Amino acid sequence: MARTALPRIQNFIDGQFVEPISGRYLDNIEPATGKPYSQVADSDAHDVDLAVVAAEKALADWAKKPAAERSKIILRIADLIERDLEKFARAESIDTGKPISLARSLDIPRAVANFRFFATAILHTESEAHITDNVAFNYTLRQPRGIAGLISPWNLPLYLLSWKIAPAIAVGNTAIAKPSELTPMTAFMLCEIAREAGLPNGVLNVVQGTGPKVGAAITAHPKVNTISFTGGTVTGRKVAETCAPLFKKVSLELGGKNPNIIFADADLDAAITGSVRSSFANQGQVCLCGSRLFVERPAYKEFVERFIDETSQLKMGDPLEEKTEQGAIVNKTQLEKVKFYVELAKKEGGKTTLGGVEPQPPNERCRDGYFFPPTIITGLPVSCRTNREEIFGPVVTITPFDREEEVINYANDCDYGLASSVWTQNLSRAHRVAERINTGTVWVNCWLLRDLRVPFGGMKQSGVGREGGEEALRFFTEPKNVCIAK
Ligand code: NDP
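My aim in this report is to walk through the structure given alongside it, one point at a time.

Rules used throughout
Residues numbered from 1 in each chain as written. Predicted model: local features only at pLDDT ≥ 70, side-chain atom pairs only at ≥ 80, totals over all residues. Heavy atoms only, no water. Helix = DSSP H or I, 4+ residues; strand = E, 2+ residues; numbered from the N terminus. Rg over C-alpha atoms; globule rule 2.2 N^0.38 Å. Buried < 20%, exposed > 50% of the residue type's maximum accessible area, 1.4 Å probe, protein only. Contact = heavy atoms within 4.5 Å. Areas by Shrake-Rupley, 256 points an atom, 1.4 Å probe, with all protein chains shown as cover. Pairing = 2+ DSSP bridges. Axes fitted to C-alpha atoms, helices over the stretch in contact; angles between N-to-C directions. Parallel < 35°, antiparallel > 145°, perpendicular 65-115°, else oblique. Left-handed = near helix turned anticlockwise from the far one by under 90°. Nonpolar A, V, L, I, M, F, W, Y, C, P; charged D, E, K, R; others polar. Salt bridge = Lys/Arg side-chain N within 4 Å of Asp/Glu carboxyl O. Polar contact = N/O pair within 3.5 Å; in protein donor to acceptor, adjacent residues only side chain to side chain. Near = heavy atom within 4 Å. Arc of directions from axis to C-beta. Core = buried A, V, L, I, M, F, W, Y, C linked by side-chain atoms within 4.5 Å.

Here the focus is the overall build of the protein. Helix and strand counts for the protein come out as 14 helices and 23 strands. For a compact globule of 486 residues, the expected C-alpha radius of gyration is about 23 Å, and the protein comes in at 23 Å, within 12% of that figure. Reported as C-alpha extents along the three principal axes, the dimensions of the protein are approximately 75 × 70 × 40 Å. Counting every position in the protein, which comprises 486 residues, the buried fraction comes to 58%. Looking at the protein alone, contacts between residues at least 24 apart form 74% of all its contacts between residues at least 6 apart. Split by element, the accessible area of the protein, about 19700 Å² in all, is 55% carbon and sulfur.

This is the structure:
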């Protein structure tokens, strides 16, 4: 049976919406229904080539525009996204399966904040001067690097892509962005906004499509000299391999298996509520989610009981319903991965104390959607696969511990090092533990409290480099020393 034509998500190159050269499109599935609701350009290296030509053409004018003018345009982008916040939030919810309330309160406001932050940051930069005794005077120029390739994942689509686009173009680069082909919609909508805001043609180009075709072509293109990538560690390794022989500047924000440590002296009410959020926000599909919970033995029993109780009250449902707190998993592959790990946990000796089986669909519309309930597993050894590998779904493990030294070892005994949380009322302990945990961010008595000025990134296999604030401005510019003899 012929189906009605679905809306098409095209590429945005040189300020125009264009078909992929191949003419091919992929179905874009709504996770909550399991059905295609739009189609996304299945672009390839030829489309990337066109985007590079556009970005190259736009570079000189954009780079020499006064910061105040670039700032004004980027602030306009922020205002326009804010004007359309509801439209963007709905689109993000449909595309990803996340609850609309989360898209409205977190994803889209953060995208607005990212543009505002970097649009104003460039008005307040300073540069260094070094005086060489009586011999010379040095000053540092920080110039745009050229064309930036920006690749982002599906879990926080506009939030993460804008975190890259905003600093890249604010300092005067032009950009080629690629969202995940699973969640292309809000990047597409952003292009319309960029046009309306008066962003010159070619400053931002969005090439839609898959990682192996578009992502790989961006990272391999010799004229794209700066790559900011957020995604999984395995993909990050491929990106690094491609970029290394070309000597590109690369920032990699990768996976995590984050520890969440609860000491017996913690404010348990806050620790439980905070841990429910850090475990299951966005169905556990946030790279910063705390998926390994360690609870000091005197508080273990009470924590586990109350944590299960509070988690079981999370309302799973149609992502577009206002009261929904747990939406759909992004796609079938990810759902299968989550189910695989729940089975693996059982084989490794774990006890599923909540969740673990696919639920009834929340309504008729979502009959074929990809849902999985918050799942809590206890009784696993710290070193098992379930406790070491990133699941990226609504599954956490809880393990008791007896001593501070022991839990620091547990936390660090992992290939990843993205983020951690520590819950304690003992200030000295908070400082002590924070200093010794090998993660790029340590939250004490909080989670996902983000100040856009702080350095953000991971240690070990969670990434290379830092973004955020000054770090991002530095990443996207080239420092040049000018030495003037006296
Ligand atoms: P992937 O690594 O699969 O994909 C990330 C992006 O890279 C997508 O746009 C993808 O395209 C693209 N890509 C895939 N293959 C290549 C390639 N060979 N060359 C260049 N680009 C490529 O990650 P997911 O989308 O599955 O996202 C989940 C992962 O992201 C998790 O591991 C999570 O921890 C991590 N993440 C890290 C964050 C951090 O700040 N450290 C924040 C958020 C998520 P396509 O989707 O089309 O294949």
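What follows picks up the thread again.
In the sheet, strand β6 (residues 129-132) pairs with strand β7 (residues 136-144) via four bridges, with the strands oriented antiparallel. Its bridge partner lying in β7, A129 is registered against Y139. Sheet analysis places β7 next to strand β23 (residues 477-485), joined by nine bridges and oriented antiparallel. The residue bridging Y139 from the neighbouring strand is V482, located in β23.

Turning our eyes to something else, we now look at the sheet that holds strand β14 (residues 290-296). Ordered in space as β15-β16-β17-β14-β13-β19-β20, the seven strands form an open sheet in which the pairing is mixed. A single partner strand is all that each edge strand has here, and the edge strands are β15 (351-354) and β20 (441-444). Direction aside, neighbouring strands of the sheet carry axes that sit 25° apart on average. Sheet analysis places β14 next to strand β17 (residues 395-401), joined by five bridges and oriented parallel. The residue of β17 that forms the bridge with F294 is T399. Most of the contacts of helix α10 (residues 297-312) go to β14, to which it runs at about 140°, and overall it touches β13 (258-262), β14, β15, β16 (375-378) and β17.

A few words on the packing of helix α2 (residues 67-83) against helix α6 (residues 185-197). For the pair α2 and α6, the least separation of the axes is 9 Å and the interaxial angle reads 130°. With respect to their mutual orientation, α2 and α6 come out oblique. Of the two possible hands of crossing, α2 and α6 adopt the one that is right-handed. Touching I73, R76, I77, L80, I81 and R83 of α2 are L190, I193, A194, E196 and A197, all from α6. Tallied by class, residues from the contact of α2 with α6 come to eight nonpolar, no polar and three charged.

So, on to the pattern of salt bridges. Using the criterion set out here, one finds 40 salt bridges in the structure. The partner of K164 in a salt bridge is E467, and the shortest N-O contact between them spans 3.6 Å. Remark: E467 occurs in the loop between β22 (463-464) and α14 (469-475) and K164 occurs in helix α5 (residues 157-170); sequence separation between them is 303 residues. For the salt bridge of R367 with D368, the shortest nitrogen-to-oxygen distance reads 3.9 Å. We classify R367 as partly exposed; its relative accessible area is 48%.

With that settled, consider helix α12 (residues 404-412). Buried within α12 are the following residues: E404, E406, V407, I408, A411 and N412. In this structure, the buried residues of α12 make contact with β13, β14, β17, α13 (427-436) and β21 (459-460).

To continue, consider the environment of D79. Relative to the helices and strands, D79 is located in helix α2. Judged by relative accessible area, D79 falls into the partly exposed class, the value being 39%. Within the structure, D79 has its side chain in polar contact with the side chain of R116 (distance 2.8 Å).

As a further point, take the site of the ligand. Taken together, 31 residues sit near the ligand, with E181, T235, L254, C287 and E390 positioned nearest. G231 is positioned such that a nitrogen or oxygen atom in its backbone is 3.4 Å from an oxygen atom of the ligand. Here an oxygen atom of the ligand and a backbone polar atom of G232 are 2.8 Å apart. Isolated, the ligand exposes 900 Å² of accessible area, and the fraction of that covered by the protein chains is 88%. Within the residue set of the shell around the ligand, elements represented by two or more residues are α7 (211-220), β11 (224-230) and α8 (233-243). In terms of residues, the shell around the ligand owes the most to one element, α7, which gives four residues. Looking at the shell around the ligand residue by residue, the class counts come to 14 nonpolar, 13 polar and four charged.

Here S275 lies in helix α9 (residues 268-280). Under the relative-accessibility criterion, S275 is labelled buried at 0%. Beyond its immediate chain neighbours, meaning those up to four positions away, S275 contacts N260, I262, L293, F303, F307 and W423.

One full turn of an α-helix is made of 3.6 residues, so residues set three or four places apart face in the same direction. Of all the positions in α13, only R429, A430 and V433 are classed as buried. Taken around the axis of α13, the buried residues stretch over an arc of 100°, which confines them to a single face. Exposed and oriented more than 90 degrees from the buried face of α13 are L427, H431 and E435. Near the N-terminus of α13, the side chain that reaches the backbone nitrogen of S428, with its oxygen 3.1 Å away, is that of N426.

In this structure, I81, F115, I165, L204 and L288 are the most contacted members of the largest nonpolar core, which totals 79 residues. Among all residues touching F115, those that are not within four sequence positions of it are I74, I77, A78, I81, S162, I165, A166 and L190.

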